[in-house]
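Summary of the model geometry
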Amino acid sequence: MAITQGTLNKQFVSAISFLDQREINPNLIDQSRDATFVNIMKLVGRTKPTSVPIYNYFVNNDVFATGVVNSVSSGYGTSIIVLVLTAASGGYSRQGDCVRFSNANDIGRMGLITNVSSASSVDTITVQAVDGSPLYAVGNDTIGFISNANEEQSDKKANRKIGVTRFINQVQIFKEIDEISDVQKVSKVEVTVEGQPYYTPVSHIYKVNTLNGMISSACIQGVQSVTLFSDTNPVLTLNNRPVQTTMGMDQYISTFGATDQVATLGTVLLGDVAKMIDNFIANKAPLQQMGFSGTKAKRPWSNLMKNLGSSGITSVRLVIDGRDADLEIMKWEYSNAEMEFVHLPIFDHPQLFSPTVVPDIVGSIYWIPKDKVNVVGGGMEGRLQLRYLPKAMAGGTSNGLITEWYTGALAPTPTSSEQVFRTEWIANVGLEMYGVKHMQKYRSA
């Protein structure tokens, strides 16, 4: 029976489904905070189209080298010593080269290479002290080729062939899709996004954030595939068609840059900082560096600098190539180095960057020089950028990196009789980094 006796109280009214008015904030709260690497690259203009899905560049190689002693053939402790170098040192030594030794007994002494013989890429060199002092060397000692000296009326020297090194990377195809039915498309919901009380803009934001997150994740922790779209017999395939993936920042720097870590994970000491700076110096890297990381990798650095009384620490805005990324960062100066710590929230993403799955990436700071890299013959290039294939289709809209288009009966221009509004996104994007030798992956946690 619908009628009962008693006081009409709140319990009675609330028991009737949907009778009570509800207090609902129409704003959709951004709890996921999926900020991306892509956003920063777009803010500072670090995007560049490519005309083909594979892009290359070449770097000049070092013109100077050091050698490593494999063994001493004769003359240890005399003014003329004969050394056999390692195979990795082969081909560089020339008659007339001036050398110095790492052996503690040879401090302040210099030798002249008077003879070089080679067999199976192994150089045997005769070195004479220029001042008649005894020379000392043992296996694993390092030899520095510091100069050369030649006789009067000298003949031509042996020619060194110095090549260039090719770097190659490729775009990766990223896709996302959203579908909504005819009924739900026109049904209002309680939240309002961009002034619309419908779920479509909510879902679109989810999907675009997902796509940007996937691109950002691949550009940081992606691994380059051996398969290319152009392969006749591809190894990596989907539906019998080749798939290629891009090399991310971690693989770039781990393969071609410096990689090191603190003595004790979770603790950064001044000795660890000095070692990191020495790595930069060894690779002739600029000492003005910006370090990309998440919270876990930065925390030990914060502990160190707090114990130093914040000496040399300032708060600055991130500026790359003269463009302001509207991001406050921490800057620390130490031992001629200027380090700017750039927090990328995506490194803290518990699903994309799980500390259990990729502890070395989550626990590392990726140091990249602040400057541009010089081009031989004049000019400069940015250190890192996103490369992308421009929009391939005639229709759809594009922001440069991502193309969006609609299909289904509910699309602005219907494409089928199916009563759905289908939105699809595609991006052909890859990472490119220049002068990677000057960069460093330094693990602190």
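Residues numbered from 1 in each chain as written. Predicted model: local features only at pLDDT ≥ 70, side-chain atom pairs only at ≥ 80, totals over all residues. Heavy atoms only, no water.

**Looking at the overall build of the chain**
Check the secondary structure of the chain and you find eight helices and 27 strands. Per-residue burial over the chain gives 39% buried out of 445 residues. Within the chain, contacts between residues at least 6 apart in sequence are counted, and of these 70% link residues at least 24 apart. (Helix = DSSP H or I, 4+ residues; strand = E, 2+ residues; numbered from the N terminus. Buried < 20%, exposed > 50% of the residue type's maximum accessible area, 1.4 Å probe, protein only. Contact = heavy atoms within 4.5 Å.)

**Considering the environment of E333**
Inspection of the secondary structure puts E333 in strand β18 (residues 323-334). A relative accessible area of 45% places E333 in the partly exposed class. Those residues in contact with E333 that lie beyond four places of it in its chain are G312 and E338.

**Overview of the side chain of D97**
Counting through the fold element by element, D97 comes out in strand β5 (residues 97-101). Given a relative accessible area of 2%, D97 falls into the buried group. Of note is the side chain of D97, whose polar atom sits 2.9 Å from the backbone nitrogen of R94. Excluding anything up to four places from it in sequence, D97 contacts Y92, G111, L112, I113, F145, S147, N148 and R160. (Polar contact = N/O pair within 3.5 Å; in protein donor to acceptor, adjacent residues only side chain to side chain.)

**Here we look at the packing of aromatic side chains**
The tally for this structure, following the rule as stated, stands at 13 aromatic pairs. Summarising the aromatic geometry, the rings of F347 and F353 are spaced 5.3 Å apart at their centres and angled 45° between planes, so their arrangement reads as tilted. Across the pair, F353 and F347 agree in class, each one buried. A network of ring pairs unites the aromatic residues W301, W332, Y334, F341 and W367 as a single cluster. Over the aromatic face of Y55 sits the side chain of R387, whose NZ or CZ is 5.2 Å from the ring centroid. (Phe/Tyr/Trp six-rings, centres within 6.5 Å; stacked < 30°, edge-to-face > 60°. Lys NZ or Arg CZ within 6 Å of the ring centre and 35° of its normal.)

**Notes on the pairing of strand β4 (residues 80-85)**
In terms of residue burial, β4 counts as a mostly covered element, since five of its six residues are buried. Of the pairings in the sheet, the one linking strand β3 (residues 66-74) to β4 comprises four bridges and is antiparallel in character. Each bridged residue has a counterpart across the sheet, and for V72 the counterpart in β4 is L83. In textbook terms, the turn of a hairpin is the stretch between consecutive antiparallel strands, and for β3 and β4 this stretch comprises five residues, one of which, G75, has a positive phi near 85°. Bridging between β4 and strand β7 (residues 122-129) involves five bridges; their strand directions are antiparallel. Within β7, the position partnered with I81 by the bridge is V127. (Pairing = 2+ DSSP bridges.)

**Some details on the side chain of Q289**
Looking at the element boundaries, Q289 is found in strand β16 (residues 288-293). Its relative accessible area of 1% is what places Q289 among the buried residues. Leaving out residues up to four positions away in the same chain, Q289 has contacts with F280, E338, M339, E340, W367, I368, P369, K370 and H438.

**Here's the deal with the pattern of salt bridges**
For the structure on display, the rule yields 14 salt bridges. Ionic pairing is found between D62 and K284, a salt bridge with its closest N-O pair at 3.0 Å. Of the two residues, D62 sits in the loop between β2 (54-60) and β3 while K284 sits in the loop between α6 (270-282) and β16, which places them 222 residues apart along the sequence. A salt bridge links D371 to R383; the nearest nitrogen and oxygen atoms lie 3.0 Å apart. Remark: R383 occurs in the loop between β22 (380-381) and β23 (384-388) and D371 occurs in the loop between β20 (364-369) and β21 (373-374); sequence separation between them is twelve residues. The class of D371 is partly exposed, set by a relative accessible area of 30%. Residue R383 is classed as buried on the basis of its relative accessible area of 2%. Because the salt bridges share partners, they merge into one network encompassing D62, K284 and K437. (Salt bridge = Lys/Arg side-chain N within 4 Å of Asp/Glu carboxyl O.)

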